[in-house]
Amino acid sequence: MIGIVRVLTAEDPDVLAAHGRQIQARYGVQTRTVSIPEQPLGIYDEDSERQAVPKILEAVRRLDVEGVRAILISCAADPGLREARALARVPVVGAGSAAAAVALALGERVAVLNLTWGTPRAVREVLGARLAGEGAPAGVRDTTDLLAPAGQAAAVSAARRVVQDSGADVLLLACTGYSTVHMAQRLRGYVGLPVVDPVEAAAAMLLFTFSGS
């Protein structure tokens, strides 16, 4: 079983369970999701990330005690990843660095679609010189905006623009909010390139550590 730490305080059970359902459907692995408290807008800047880290570590500790086989921090900024690995007895993967690693395996020039602020350091450090371009959807302030049709339409427009401007041969989605709304599946029909979903990428990495559910 994979433990998932959601960095969004989700009141809607359907939204809360979205990443777990995605992993179960894609890989046939059972999941257990924990959502951190008092972060209704998720992580969208440096201050919200600082506030989230202690809560993420508590969620990691909880999942570790409950006996999951591996843990996914479902945020492309990989908040608290180093500290989580130090305290957990099981492998811990961050969605950002995992997605970047998969993108490098798929192409030479990687375009990154962010949420709002610049490309997360966890992604940028892995991509290095192969980061070909970066963009973000207009009018999107935080991950909850992606739940609305206008936010999703803005994401499609931004993705097409950054791919065209950068000459990339792979597109990386640097926010797990895109996973919630199945944006990778949608974009593959628009951009004609491999599109890396961060939740699926991180889960794939964790599958190397165990088999079965």
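Residues numbered from 1 in each chain as written. Predicted model: local features only at pLDDT ≥ 70, side-chain atom pairs only at ≥ 80, totals over all residues. Heavy atoms only, no water.

Q: Would you explain the overall build of the protein chain in this entry?
A: Within the protein chain one finds 10 helices and 8 strands. Relative to the 2.2 N^0.38 estimate, which gives 17 Å for 213 residues, the radius of gyration of the protein chain is 16 Å and therefore close to what a compact globule would have. Over its C-alpha atoms, taken along the principal directions, the protein chain stretches across nearly 45 × 35 × 30 Å. Contacts in the protein chain between residues far apart in sequence, at least 24 positions, make up 65% of those at least 6 positions apart. For the protein chain, the exposed surface amounts to about 9,400 Å²; the carbon and sulfur share of it is 51%. (Helix = DSSP H or I, 4+ residues; strand = E, 2+ residues; numbered from the N terminus. Rg over C-alpha atoms; globule rule 2.2 N^0.38 Å. Contact = heavy atoms within 4.5 Å. Areas by Shrake-Rupley, 256 points an atom, 1.4 Å probe, with all protein chains shown as cover.)

Q: Can you help me understand the layout of surface pockets in this one?
A: In this approach a probe as big as a water molecule rolls over the atoms, and the regions it shows empty are the leftover space. Quantified by volume, the largest pocket comes out at close to 590 Å³. In terms of lining, the largest pocket is formed by 22 residues, of which the most central are E49, A77, D78, R121 and A122. For the lining of the largest pocket, the secondary-structure elements that each account for two or more residues are α3 (46–66), α4 (81–87), α5 (95–106) and α6 (121–127). When grouped by side-chain class, the residues that make up the lining of the largest pocket number 11 nonpolar, 2 polar and 9 charged. Those elements that provide at least two residues to the lining of the second largest pocket are α1 (13–16), α2 (18–27), α8 (177–180) and α9 (183–191). Sorting elements by how many residues they give to the lining of the second largest pocket places α2 first, with 5 residues. Considering only residue class, the lining of the second largest pocket consists of 5 nonpolar, 5 polar and 6 charged. (1 Å grid on protein atoms, 1.4 Å probe; cavity = no way out; pocket = protein on both sides within 12 Å on 5 of 7 lines; lining within 4 Å. Points joined across faces, edges and corners; volume = space filled by probe spheres on them. Nonpolar A, V, L, I, M, F, W, Y, C, P; charged D, E, K, R; others polar.)

Q: What is the right way to read the side chain of R6 from this model?
A: When you line up the elements, R6 lands in strand β1 (residues 2–6). One buried charge, R6, has no salt-bridge partner; the nearest side chain with opposite charge is D14, at 9.5 Å. Separated by 2.8 Å, the side chain of R6 and the backbone oxygen of V15 make a polar contact. If near-sequence neighbours (up to four positions away) are discounted, R6 is found in contact with V15, L16, A18, H19, T33, V34, S35, I36, S74 and T180. (Buried < 20%, exposed > 50% of the residue type's maximum accessible area, 1.4 Å probe, protein only. Lys, Arg positive; Asp, Glu negative; His and termini not counted. Salt bridge = Lys/Arg side-chain N within 4 Å of Asp/Glu carboxyl O. Polar contact = N/O pair within 3.5 Å; in protein donor to acceptor, adjacent residues only side chain to side chain.)

Q: Could you clarify how one ought to interpret empty space enclosed by the protein in this entry?
A: Applying the stated rule across the entire model yields 1 cavity of 30 Å³ or more. Here the largest cavity is characterised by a volume of approximately 270 Å³. Its residues placed into classes, the lining of the largest cavity shows 15 nonpolar, 11 polar and 1 charged.

Q: Can you help me understand the environment of L115 in this one?
A: Assignment of secondary structure puts L115 in the loop between β5 (110–113) and α6. A C-alpha to C-alpha distance of 22 Å links L115 and P13, two positions 102 residues apart in sequence.

Q: How do you make sense of the environment of A77 when you look at a structure like this?
A: Position of A77 relative to the elements: it lies in the loop between β3 (70–74) and α4. Residue A77 is classed as buried on the basis of its relative accessible area of 14%. C-alpha separation for the pair A77 and E49, spaced 28 residues apart in sequence, amounts to 8.4 Å. In contact with A77, other than residues within four places in its own chain, are E49, P120 and A122.

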